[in-house]
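Topology and contacts: notes
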Amino acid sequence: MEKVFSKTKGLTDVPFTYCPGCTHGIIHRLIAEVLEEMDLLENTIGVAPVGCSGFLLDMFSCDFVGGPHGRAQAVATGIKRAMPERTVFTYQGDGDIAAIGTSHAIHVAARGEKITSIMVNNAVFGMTGGQMAPTTIGGQVTTTSPYGRDCALAGPPIDLPKTIATLEGAVYVAAGSVDSPKNVAQTKKMIKKAFQVQQKGLGFSFVSILSTCPTNWGLSPVDSLNWLRKNMMPVYQLGELKATEEVNAL
Amino acid sequence: MRRQLLKGNEAIAEAAIRSGCKLFFGYPITPSTEIIEYLSRNLPKAGGAVLQGEDEIASINMCYGAAATGARVMTASSSPGYSLKQEGMSYLAAAELPVVVVNINRNGPGLGGLGPSQGDYFQCTKGGGHGDYRTIVLAPSKGQEMYDYTMKAFDLADKYRTPVVILADGMLGQTMEPIEFKERPSVELPEKDWVTTGCIGRPKRKISMYNLTNEAGEEISLKLQAKFNKMKDLEQQWENYCTDDAEYLLVGYGTCGRVGKSAVQLARQQGIKLGLIRPITLWPFPEKAFISLPKIKGILTVELNAGQMVEDVKLAVKCSIPVQSHTRVGGMLLSENSVLKKLAEVFQLEVRV
Ligand SMILES: Cc1ncc(C[n+]2csc(CCOP(=O)(O)OP(=O)(O)O)c2C)c(N)n1
Ligand code: SF4
């Protein structure tokens, strides 16, 4: 019988710990598939965040390091500087990279650190029970914005990829979504390109991905996808925000 | 052997290069800055690299990443910067990563001042970061020891898979002394069979520390504690100075160890049988130095803080000997005369100063 689907070698048999309908799992699979397709699994060291995806260390079949909340890019810098020939990537929630870890997000980009960062934007702090994140959109109800995010008090949400794109050392910046098969396919291409950029040593590459958190949004998996499309997509610019000439020539 | 006049900070930097340190991550702060400056000039020539991080938090986490690959790595700072590294210290201890961390202690709290201080004794020896962990702390008292203990720190870090702190004050960091460029001692160290370097030809590895159940948490914690106990058992170090016939003892480390030696000489000129115990490891505190001191009538601790190590000395002698404390704070130095005066005052001795 013809095998039409098999799990990527990039993932171990450790079961995902995510809630039903959470799209962290899809993003894991995309990264793992890219690493397998590019034959990078043995060459790669991943760096984990602290957040719902903090346990992905066990789920990927490449080496993985986990440190403090928000520090993944600093840890990754240390790994890359010690082993420039290895592929090094961070996987981080929006709280991890766009709140507590923002200084590192700016400076790895400024330095053109030859690593890849994947940001998973679900507009909340998922792990700690759905508090407001810098990415929470105006009016969105969370446990720490129970009357809806008041942008006059909390400011409007940060679109981190746009900020990162202004820095010269960031040579590839893209924002995708995994809400539909089409967007999943497109996001995978972005991830692949980001790793190709790193392989060629062109500079810092960054992919931000819109993701759902049905549990903390209080919605069903399907309604979550609709909520993401209706509320997050107008706020967060999608597509390739930046690709230098060298990147386009890849 | 080559000898050169170097600042204490530069001696640390040179020893790091000669210990095979390949990477240095740091953020400038007085009075530690000569370390990153010296290494920026000289580590690249030795095939290594220096990266100035965006802050101390970044720097210690860069060390975390580099150490995870097995590279010898160091960071250095001074009190306010060392405070920022405390989260990192806790994670390094938990993930069992060898990193050498230098703290050139300046006056605090807050921004404080640049003068020499030992105000970070508690922070360095009692944890500093969160959780139940310990770090080895080495306290040099002169330029050559800045060099020698740095070499030792790298070996201890690798031996125990642990962060090791070098704690010195700004006076030691800034003073120029002749330094002998000794070769790295040959020490047998465990193979680094835990590093995350990419899983070519071996099963995948991970480095991190968290526990999803309390039972696992207990198991991991007990394993760590067993390691800390082993360090406590095997690594206590101190220097005895004129202690054999001593009736009174000074206890001081770093700069105070040095001042203490002068005070001992002065006292002995006047017929007072004074000796000195100079702790070299501040953690583990050299309790063994205090096990049997039948002739000692009194102990005076000497510190550049409001009295911190004195607590460990009291614990070590278990109330069997009176312990008094002589201190100076705020970035000021104390003199051997002031030590003698205090000794005379608290133990009712006749001295001329
Ligand atoms: C220093 C520190 N502060 C706070 C926390 C608590 N904390 C853990 S994860 C997290 C936020 C997670 O949100 P995000 O990064 O968006 O990831 P998600 O869980 O949504 O995937 C917080 C605040 C922590 N672990 N460490
Ligand atoms: S809390 Fe949200 S982000 Fe976390 S696993 Fe559940 S759905 Fe996913």
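Rules and cut-offs
Residues numbered from 1 in each chain as written. Chains lettered and ligands numbered in written order. Predicted model: local features only at pLDDT ≥ 70, side-chain atom pairs only at ≥ 80, totals over all residues. Heavy atoms only, no water. Contact = heavy atoms within 4.5 Å. Buried area = accessible area lost by both parts, 1.4 Å probe. Salt bridge = Lys/Arg side-chain N within 4 Å of Asp/Glu carboxyl O. Helix = DSSP H or I, 4+ residues; strand = E, 2+ residues; numbered from the N terminus. Pairing = 2+ DSSP bridges. Polar contact = N/O pair within 3.5 Å; in protein donor to acceptor, adjacent residues only side chain to side chain. Phe/Tyr/Trp six-rings, centres within 6.5 Å; stacked < 30°, edge-to-face > 60°. Buried < 20%, exposed > 50% of the residue type's maximum accessible area, 1.4 Å probe, protein only. Lys NZ or Arg CZ within 6 Å of the ring centre and 35° of its normal. Domains from an automatic or database assignment. Axes fitted to C-alpha atoms, helices over the stretch in contact; angles between N-to-C directions. Parallel < 35°, antiparallel > 145°, perpendicular 65-115°, else oblique. Left-handed = near helix turned anticlockwise from the far one by under 90°. 1 Å grid on protein atoms, 1.4 Å probe; cavity = no way out; pocket = protein on both sides within 12 Å on 5 of 7 lines; lining within 4 Å. Points joined across faces, edges and corners; volume = space filled by probe spheres on them. Nonpolar A, V, L, I, M, F, W, Y, C, P; charged D, E, K, R; others polar.

**Brief notes about the interface of chain B and chain A**
Taken together, the 32 residues of chain B in the interface contact 34 residues of chain A. Approximately 2500 Å² of surface area, both sides summed, lies buried where chain B meets chain A, with 61% of it carried by carbon and sulfur atoms. Our count for the chain B to chain A interface comes out at four salt bridges. For Glu54(B), the salt bridge goes to Arg111(A), with nearest N and O atoms at 3.0 Å. Among the secondary structure elements, those contributing two or more residues to the side of chain B that touches chain A are strand E2 (23-26), helix H3 (56-68), helix H5 (86-95) and strand E10 (206-207) of chain B. Here the side of chain B that touches chain A gets eight residues from one element, more than from any other, and that element is H3(B). Of the pairings in the sheet, the one linking strand E2 (residues 63-66) of chain A to E10(B) comprises two bridges and is parallel in character. Its bridge partner lying in E10(B), Val65(A) is registered against Ile207(B).

**With respect to the environment of Asn211(B)**
All names here are of chain B. Considering the arrangement of structural elements, one finds Asn-211 in the loop between E10 and helix H9 (214-234). Between the C-alpha atoms of Asn-211 and Ser-221, which are ten residues apart in sequence, the distance is 9.9 Å. If we skip the residues at most four places from it in the chain, Asn-211 touches Ala-216, Gly-217 and Ile-220. There is a polar contact of 3.4 Å between the side chain of Asn-211 and the backbone oxygen of Thr-213.

**Brief notes about the packing of aromatic side chains**
With the rule as written, the count across this model stands at 13 aromatic pairs over all chains. Their ring planes at 70° and their centres at 5.8 Å tell us that Phe16(A) and Tyr18(A) sit as a pair that is edge-to-face. Judged by relative accessible area, which is 37%, Phe16(A) ranks as partly exposed. Summarising the aromatic geometry, the rings of Trp217(A) and Trp227(A) are spaced 4.5 Å apart at their centres and angled 45° between planes, so their arrangement reads as tilted. One end of the pair, Trp217(A), is in helix H8 (residues 214-217); the other, Trp227(A), is in helix H9 (residues 221-232), with ten residues separating them in the sequence. Of the residues examined, Trp217(A) reaches a relative accessible area of 13% and is grouped as buried. The rings of Phe60(A), Phe64(A), Phe89(A) and Phe195(A) are connected pair by pair, giving a single aromatic cluster. The lysine or arginine in question, Arg161(B), covers the ring of Trp194(B), its NZ or CZ lying 4.1 Å from the ring centre. The lysine or arginine in question, Lys261(B), covers the ring of Tyr241(B), its NZ or CZ lying 5.5 Å from the ring centre.

**Some details on the pairing of strand E5 (residues 100-107) of chain B**
Along any regular strand the residues' side chains alternate between the sheet's two faces. Residue and element names in this part refer to chain B. The buried count for E5 comes to eight of eight residues, which makes it a mostly enclosed element. By the bridge criterion, four bridges tie strand E4 (residues 73-77) to E5 in an arrangement that is parallel. Its bridge partner being in E5, Thr-75 is matched across the sheet by Val-101. Judged from the two bridges that link them, E5 and strand E6 (residues 113-116) form a sheet pairing that is antiparallel. Note that in E6 the partner of Asn-107 across the bridge is Gly-113.

**Examining the domain arrangement of chain B**
All names here are of chain B. Structurally, chain B comprises domain 1 (3-234) and domain 2 (240-347). Taken together, the contacts link 32 residues of domain 1 with 28 residues of domain 2. Buried surface at the junction of domain 1 and domain 2, summed over both partners, amounts to about 2500 Å²; 53% is from carbon and sulfur atoms. At the junction of domain 1 and domain 2, the tally comes to three salt bridges. When the shortest N-O distance is used, the salt bridge between Asp-312 and Lys-126 registers 2.6 Å.

**With respect to the environment of Lys182(B)**
All names here are of chain B. Position of Lys-182 among the secondary structure elements: in the loop between strand E9 (176-180) and E10. Judged by relative accessible area, Lys-182 falls into the partly exposed class, the value being 28%. For the pair formed by Lys-182 and Asp-148, sequence separation is 34 residues and the distance between their alpha carbons is 8.0 Å. Leave out the neighbours within four places in its chain, and Lys-182 touches Met-1, Arg-18, Gln-144, Tyr-147, Asp-148 and Met-151.

**Considerations on the packing of helix H1 (residues 24-37) of chain A against helix H7 (residues 181-199) of chain A**
Residues and elements named next belong to chain A. The interhelical angle for the contact between H1 and H7, taken along N-to-C directions, is 50°, at an axis separation of 9 Å. Looking at the two axes, H1 sits oblique to H7. Considering only the axes of H1 and H7, their crossing is right-handed. Taken together, the residues of H7 that come into contact with H1 (itself represented by Ile-26, Leu-30, Ile-31, Glu-33, Val-34, Leu-35 and Glu-37) are Val-184, Thr-187, Lys-188, Ile-191, Lys-192 and Phe-195.

**Quick look at the sheet that holds E2(A)**
The eight strands are arranged E9(A)-E7(A)-E8(A)-E4(A)-E3(A)-E1(A)-E2(A)-E10(B) in an open sheet whose pairing can be described as mixed. Taken across any chain shown, the strands that pair with only one partner, and hence form the sheet edges, are strand E9 (239-243) of chain A together with E10 of chain B. Bridge count for strand E1 (residues 44-48) of chain A against strand E3 (residues 87-93) of chain A is four bridges, and the pairing is parallel. Residue pairing in the sheet places Val47(A) in a bridge with Thr90(A) of E3(A). Contacts between H1(A) and the sheet are confined to E1, E3, strand E4 (116-121) and strand E8 (204-210) of chain A, with E3(A) contributing the most and set at about 175° to the helix.

**Some remarks on the layout of surface pockets**
Residue and element names in this part refer to chain B. Each pocket or cavity is described by its volume, and for the largest pocket that value is around 350 Å³. Contributions of two or more residues to the lining of the largest pocket are made by H5, E10 and H9. Of the residues belonging to the lining of the largest pocket, the class tally is nine nonpolar, one polar and seven charged. The space that makes up the second largest pocket amounts to roughly 290 Å³. Considering the residues around the second largest pocket, the lining is formed by 17 residues, among which Lys-126, Arg-134, Lys-232, Trp-283 and Glu-287 are closest to the centre. Here the element with the most residues in the lining of the second largest pocket is H9; it accounts for four residues. Looking at side-chain class alone, the lining of the second largest pocket contains seven nonpolar, four polar and six charged residues. A domain split of the lining of the second largest pocket shows at least three residues from each of domain 1 (3-234) and domain 2 (240-347).

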